[in-house]
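Residue-level structural notes
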Amino acid sequence: MKLSTKTLDAKGKAGDIELNDEVFGVEPRADILHRVVTWQLEKRRATARGTRERADVARTGKKFGRQKGGGTARHGDRRAPVFVGGGKAHGARVRDFNPSLNKKIRALGLKMALSSHAKAGSLIVLDGFEVGKTKELKGQFEKLGVGKTALVIDGGGDKGNGFLAARNLAGVNVLPAAGANVYDILKHDTLVLTRAAVEKLEARFNG
């Protein structure tokens with residue numbers, strides 16, 4: 001798949017880039033994307049710390065009063081939740097939010113997410129992502145026709161000037177190529193990749 005690259009600088013000359021069809025030309029499937037997004041969101045969840053219930057509290061089990069005639073309720077032991085130091089009634093329990101998903105399915109989901117933007121025409125490839133100020137970048141994105149929300153993925157890491165300028169723009173998020181994931185790619189209207197990011201993403205699947 002051949003795509004015309006663009007530049008942030010209006011005076012710059014745009015060239016062409018050949019995108020690997022095995023990465024950017026895969027037919028998206030809703031079931032695969034749903035599985036990967038569900039897995040990703042479940043991996044983010046943190047479980048509650050388990051509390052000690054009646055069976056977990058180390059207190060005496062001896063009956064501390066007679067059955068009748070004491071003028072109080074007939075309690076069996078001090079582990080009951082009604083006593084200070086007793087076990088928690090219906091306490092929080094540790095739950096497993098760490099599901100597994102086959103690596104091939106995860107890789108396929110990422111390919112489909114990238115391909116969905118390429119197929120919809122919402123994929124923009126930039127020669128580079130070096131920019132001075134946020135105001136300047138905002139005007140450049142408007143000229144490029146970037147949608148309300150955009151995800152910028154750069155192959156040069158997250159320390160460049162472009163990252164610093166873009167993080168102050170509403171609706172724009174930036175990621176290094178190593179952090180590319182299905183959920184973030186799908187939830188943005190426009191996907192902006194640099195040449196370096198394309199090379200790293202393709203190498204990620206070929207390696």
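Structure's up top.
Below or above, wherever it landed, is the structure these notes cover. Keep in mind it's a predicted model, so treat the numbers as computed, not measured.

Remarks on the overall build of the chain
Regarding its fold elements, the chain presents 7 helices and 6 strands. Along the chain direction, N to C, the helices and strands of the chain fall in the order β-β-α-α-α-β-α-β-α-β-α-β-α. Taken over the C-alpha trace, the chain has a radius of gyration of 28 Å; the compact-globule value for 207 residues is 17 Å, which it surpasses by more than 25%. C-alpha atoms of the chain, sized along the principal axes, occupy 95 × 40 × 25 Å.

What to know about the packing of helix H3 (residues 103-120) against helix H7 (residues 195-206)
Packing of H3 against H7 leaves a shortest axis separation of 11 Å and a crossing angle of 150 degrees. The orientation of H3 relative to H7 falls into the category roughly antiparallel. Relative to H7, H3 is oriented so that their crossing is left-handed. Counted together, Ala-107, Leu-110, Lys-111 and Leu-114 of H3 and Leu-201, Arg-204 and Phe-205 of H7 form the full contact between these two elements. When the residues that make up the contact of H3 with H7 are grouped by side-chain class, the tally is 5 nonpolar, no polar and 2 charged.

Things to note about the environment of Val-26
Relative to the helices and strands, Val-26 is located in the loop between helix H1 (21-24) and helix H2 (30-44). The spacing of Val-26 and Lys-119 is 93 residues in sequence and 9.2 Å in space, taken between C-alpha atoms. Leaving out residues up to four positions away in the same chain, Val-26 has contacts with Asp-21, Leu-108, Lys-111, Met-112 and Ser-115.

Things to note about the side chain of Gln-40
Here Gln-40 shows up in helix H2. Every residue in contact with Gln-40, bar those within four places of it in the chain, is listed here: Asn-181, Val-182 and Tyr-183.

So, the pattern of salt bridges
By the definition in use, this model includes 6 salt bridges. Residue Arg-29 is joined to Asp-31 by a salt bridge in which the shortest nitrogen-to-oxygen separation is 2.6 Å. With its nearest N and O atoms 3.1 Å apart, the salt bridge here joins Glu-53 to Arg-93. Here Arg-93 lies in the loop between H2 and H3 and Glu-53 lies in the loop between H2 and H3, a separation of 40 residues in the sequence. Judged by relative accessible area, Arg-93 falls into the exposed class, the value being 57%.

Parameters and conventions
Residues numbered from 1 in each chain as written. Predicted model: local features only at pLDDT ≥ 70, side-chain atom pairs only at ≥ 80, totals over all residues. Heavy atoms only, no water. Helix = DSSP H or I, 4+ residues; strand = E, 2+ residues; numbered from the N terminus. Rg over C-alpha atoms; globule rule 2.2 N^0.38 Å. Axes fitted to C-alpha atoms, helices over the stretch in contact; angles between N-to-C directions. Parallel < 35°, antiparallel > 145°, perpendicular 65-115°, else oblique. Left-handed = near helix turned anticlockwise from the far one by under 90°. Contact = heavy atoms within 4.5 Å. Nonpolar A, V, L, I, M, F, W, Y, C, P; charged D, E, K, R; others polar. Salt bridge = Lys/Arg side-chain N within 4 Å of Asp/Glu carboxyl O. Buried < 20%, exposed > 50% of the residue type's maximum accessible area, 1.4 Å probe, protein only.

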